[in-house]
Amino acid sequence: MRTLGEVRAALAAGLGFPGDLAGMEAELAATLERVDYTDLSEVSEIIAAYRGHVLTRCDPGFEDALAEGIALVQSLKDEAR
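Residues numbered from 1 in each chain as written. Predicted model: local features only at pLDDT ≥ 70, side-chain atom pairs only at ≥ 80, totals over all residues. Heavy atoms only, no water.

## Section: the confidence of the model for the chain
Should the pLDDT be low somewhere, the predicted coordinates at that spot are not to be read in detail.
Then, in step 1: Across the chain, the average pLDDT comes to 95, with 100% of residues at or above 70.
Then, in step 2: Put simply, helix α4 (residues 62-80) is where the chain has its lowest mean pLDDT, 94, and helix α1 (residues 4-12) is where it has its highest, 98. (pLDDT = per-residue confidence, 0-100. Helix = DSSP H or I, 4+ residues; strand = E, 2+ residues; numbered from the N terminus.)

## Describing the pattern of salt bridges
Then, in step 1: A full pass over the atoms with the stated rule returns three salt bridges.
Then, in step 2: Between Arg-8 and Glu-25 there is a salt bridge, with the nearest N and O atoms lying 2.5 Å from each other. Pair noted here: Arg-8 is in helix α1 and Glu-25 is in helix α2 (residues 20-34), with a separation of 17 residues, a long-range link.
Then, in step 3: Residue classification places Glu-25 among the partly exposed positions, given a relative accessible area of 28%. (Salt bridge = Lys/Arg side-chain N within 4 Å of Asp/Glu carboxyl O. Buried < 20%, exposed > 50% of the residue type's maximum accessible area, 1.4 Å probe, protein only.)

## Let's talk about the environment of Thr-3
Then, in step 1: Checked against the element boundaries, Thr-3 lands in the segment before α1.
Then, in step 2: Using a relative accessible area of 40% as the deciding quantity, one classes Thr-3 as partly exposed.
Then, in step 3: Through-space distance from the C-alpha of Thr-3 to that of Glu-68 is 33 Å; in sequence the pair is 65 residues apart.
Then, in step 4: Reaching out from Thr-3, the side chain makes a polar contact with the backbone nitrogen of Glu-6 at a distance of 3.1 Å. (Polar contact = N/O pair within 3.5 Å; in protein donor to acceptor, adjacent residues only side chain to side chain.)

## Some details on the nonpolar core
Then, in step 1: Counting residues in hydrophobic clusters, the biggest one holds 10 residues: Val-7, Ala-10, Leu-11, Met-24, Leu-28, Val-43, Ile-46, Ile-47, Tyr-50 and Val-54.
Then, in step 2: Where this core is concerned, the elements lending two or more residues are α1, α2 and α3 (41-58).
Then, in step 3: Per element, the largest residue contribution to this core is five residues, and it comes from α3.
Then, in step 4: Not counting residues up to four positions away in its chain, the partners in contact with Tyr-50 are Val-7, Leu-11, Asp-20, Gly-23, Met-24 and Glu-27. (Core = buried A, V, L, I, M, F, W, Y, C linked by side-chain atoms within 4.5 Å. Contact = heavy atoms within 4.5 Å.)

## A few points about the packing of aromatic side chains
Here a ring pair, both rings aromatic, is described through the centre-centre distance and the interplanar angle of the planes.
Then, in step 1: If you walk through the whole model with that rule in mind, you get one aromatic pair.
Then, in step 2: Measuring from ring centre to ring centre gives 5.8 Å for Phe-17 and Phe-62, while their planes differ by 65 degrees; the resulting arrangement is edge-to-face. Taken together, the positions of Phe-17 in the loop between α1 and α2 and Phe-62 in helix α4 put the pair 45 residues apart, joining distant regions of the chain. (Phe/Tyr/Trp six-rings, centres within 6.5 Å; stacked < 30°, edge-to-face > 60°.)

## Some thoughts on α2
Then, in step 1: Over its 15 residues, α2 extends 21 Å from the first C-alpha to the last, a length consistent with the 21 Å expected when each residue adds 1.5 Å.
Then, in step 2: Where α2 is concerned, the buried positions are Asp-20, Met-24, Leu-28 and Thr-31. Projected onto a plane normal to the axis of α2, the buried residues spread over an arc of 70 degrees and lie on a single side. Every exposed residue of α2 that faces more than 90 degrees away from the buried side is listed here: Ala-22, Glu-33 and Arg-34.
Then, in step 3: Packed against the buried residues of α2 are α1 and α3. (Expected span 1.5 Å × (residues − 1). Arc of directions from axis to C-beta.)

Right, dumping it as structure tokens:
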């Protein structure tokens, strides 16, 4: 994924987090309204961030790491009771 179109396609295919496609589009629109058209570094940062979301969600170890984190939080809550 090297282009905005590729990131959009990945998010539209559900490869990011819930709400990512709408969130990215809203952030892009707001940023493009605010920044000078000659300085698109913020736009680039937004695209890179959502690309990172897709890469994270597609990482084979992501689901296991998430489950481990949830189990750890639950055990800490149980200990605190």
